[in-house]
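If you want the building blocks of each chain, they are given just below.
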Amino acid sequence: MDTIGERWQAVRSRIETAALAAGRTPGSVHLLAVSKAHTASELRKVYAAGQRKFGENYLQEALDKQQELQELDIEWHFIGPIQSNKTQPIARHFDWVHSVDRSKIADRLNAARSMELPRLQVCIQVNISEETSKSGIAIQDVMALAAYIQQLPRLQLRGLMTIPAPTTDPMQQQAQFHAVRQIYNQLLAQGYALDTLSMGMSEDFPAAILEGATIVRVGSAIFGPRIKSTVE
Ligand SMILES: *Cc1c(COP(=O)(O)O)cnc(C)c1O
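Residues numbered from 1 in each chain as written. Predicted model: local features only at pLDDT ≥ 70, side-chain atom pairs only at ≥ 80, totals over all residues. Heavy atoms only, no water.

Going by an unreviewed UniProt entry, the chain carries the name Pyridoxal phosphate homeostasis protein and comes from Methylobacillus rhizosphaerae. Check the Cofactor (unreviewed entry) section of the UniProt entry for the chain; it says "pyridoxal 5'-phosphate". (UniProt positions renumbered as here; feature names shortened; annotations may be inferred.)

This is how it looks when you write it as structure tokens:
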């Protein structure tokens with residue numbers, strides 16, 4: 001079986017291939033290594049291969065790993081569902097939050113973000129498959145939430161994130177990413193200074209890159225299978 005470092009390298013090459021096929025420069029697509037359900041020592045191996053951005057879904061699990069990996073220069077991204085009573089530690093211990101989907105959460109993250117830290121980098125999570133997911137805001141409500149976040153001084157709105165309905169049909173994958181890209185383009189047209197489309201996971205990142213993804217969030221293709229399914 002391949003080592004973690006080899007799988008990481010293979011994902012990197014697939015990203016590069018997909019970017020070139022889409023007529024994009026490979027450097028325009030960033031890899032977020034999704035490490036939920038994997039140990040600090042596994043993160044260390046991916047870090048040693050050269051990875052610096054890591055994504056976690058569960059607060060306590062993430063805080064434990066951050067503690068263990070303190071001396072490493074890691075950029076931490078929170079990508080899981082956010083309960084309002086967890087906003088303070090999330091605002092304190094992460095560089096990015098991809099899963100902002102309501103104004104109350106945005107408010108609380110803004111209030112909790114220390115002045116000593118840079119602004120918290122955030123994405124709005126868009127729900128494009130309302131029947132299969134409960135996380136994320138409906139497409140028709142994205143504009144209002146973007147306007148709301150824009151006036152919060154401790155948050156910097158970077159773009160949109162989505163988790164599409166699972167499907168192995170590349171056309172269907174692409175159609176869902178396309179829908180999110182269209183709202184993203186509308187926001188750009190309205191003058192929002194955005195640079196991030198966080199979409200694509202192990203099974204569908206090439207389709208996401210074709211539709212303009214700038215961050216792909218890849219877990220199992222790097223770390224191997226998780227014991228239980230923890231995608232939300
Ligand atoms: C788990 C998870 C991923 C990674 O999923 P894989 O299929 O393991 O690549 C990406 N994004 C979110 C929000 C997740 O919860």
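More follows now that the structure is in view.
Asker: Would you explain the packing of aromatic side chains in this entry?
Answerer: Given two aromatic rings, one states the distance between the centres and the angle between the planes to describe the pair. Summed over the entire model, instances satisfying the criterion amount to 2 aromatic pairs. On the basis of an interplanar angle of 40° and a centroid distance of 6.3 Å, the ring pair of Phe54 and Trp76 is categorised as tilted. Residue Phe54 is located in strand β2 (residues 53-56), and its partner Trp76 is located in strand β3 (residues 75-78); the two are separated by 22 residues in the primary sequence. Judged by its relative accessible area of 0%, Phe54 falls in the buried class. (Phe/Tyr/Trp six-rings, centres within 6.5 Å; stacked < 30°, edge-to-face > 60°. Helix = DSSP H or I, 4+ residues; strand = E, 2+ residues; numbered from the N terminus. Buried < 20%, exposed > 50% of the residue type's maximum accessible area, 1.4 Å probe, protein only.)

Asker: What's the story with helix α3 (residues 59-68) in this structure? I'm lost.
Answerer: What sets the pattern is the α-helix's 3.6 residues per turn: residues three or four places apart point alike. Looking only at α3, the buried set comprises Leu59, Ala62, Leu63, Lys65 and Gln66. End-on view of α3: buried residues confined to an arc of 165°, all on one side of the axis. For α3, the exposed residues lying more than 90 degrees away from the buried face are Gln60, Gln67 and Glu68. Contacts made by the buried residues of α3 are with α2 (40-49), β2, β3 and α4 (87-93). (Arc of directions from axis to C-beta. Contact = heavy atoms within 4.5 Å.)

Asker: What should I look at first to understand the packing of helix α6 (residues 142-150) against helix α7 (residues 170-189) in this one?
Answerer: Two measures define how a pair of helices packs: the angle their axes make with one another and the distance between the axes. Their axes nearest at 11 Å, the elements α6 and α7 cross at an angle of 45°. As far as their axial angle goes, α7 and α6 are oblique. For the crossing formed where α6 meets α7, the hand is right-handed. Of the residues in α7, those in contact with Val142, Met143 and Ala146 of α6 are Ile183, Gln186 and Leu187. Among the residues forming the contact of α6 with α7, the class breakdown is 5 nonpolar, 1 polar and no charged. (Axes fitted to C-alpha atoms, helices over the stretch in contact; angles between N-to-C directions. Parallel < 35°, antiparallel > 145°, perpendicular 65-115°, else oblique. Left-handed = near helix turned anticlockwise from the far one by under 90°. Nonpolar A, V, L, I, M, F, W, Y, C, P; charged D, E, K, R; others polar.)

Asker: When you look at the layout of surface pockets in this model, what are you seeing that I'm missing?
Answerer: A probe matching the size of a water molecule, rolled over the atoms, marks out where space remains unfilled. Approximately 250 Å³ is the volume found for the second largest pocket. Residue lining of the second largest pocket: 15 residues in total, with Arg12, Pro26, Val29, His30 and Leu31 positioned closest to the centre. Among the secondary structure elements, those contributing two or more residues to the lining of the second largest pocket are α1 (4-21) and β1 (30-34). It is α1 that contributes the most residues to the lining of the second largest pocket, 6 residues altogether. Tallied by class, residues from the lining of the second largest pocket come to 5 nonpolar, 6 polar and 4 charged. (1 Å grid on protein atoms, 1.4 Å probe; cavity = no way out; pocket = protein on both sides within 12 Å on 5 of 7 lines; lining within 4 Å. Points joined across faces, edges and corners; volume = space filled by probe spheres on them.)

Asker: Teacher, can you tell me more about the UniProt feature "modified residue: N6-(pyridoxal phosphate)lysine" (unreviewed entry) in the chain here?
Answerer: Under the UniProt annotation, the feature "modified residue: N6-(pyridoxal phosphate)lysine" (unreviewed entry) is placed at Lys36. Topologically, Lys36 is positioned in the loop between β1 and α2. For Lys36, a relative accessible area of 5% translates into the label buried.

Asker: Sorry if this is basic, but what is going on with unusual backbone geometry here?
Answerer: Negative phi values dominate among residues other than glycine, just as trans dominates among peptide bonds. Despite not being glycine, Ala37 has its phi angle at roughly 70°, a positive value. Locating Ala37 in the fold gives a position in the loop between β1 and α2.

Asker: Help me understand the site of the ligand, please; the structure alone is not making it clear to me.
Answerer: Surveying the vicinity of the ligand reveals 14 residues, the closest of which are Lys36, Asn57, Ser202, Ser220 and Arg226. Between an oxygen atom of the ligand and a side-chain N or O atom of Ser202, the distance comes to 2.5 Å. Ser220 places a polar main-chain atom, nitrogen or oxygen, 2.8 Å from an oxygen atom of the ligand. In isolation the ligand exposes 390 Å². Once the protein is present, 96% of that is buried. For the shell around the ligand, the per-class residue count stands at 7 nonpolar, 4 polar and 3 charged. (Near = heavy atom within 4 Å. Polar contact = N/O pair within 3.5 Å; in protein donor to acceptor, adjacent residues only side chain to side chain. Areas by Shrake-Rupley, 256 points an atom, 1.4 Å probe, with all protein chains shown as cover.)

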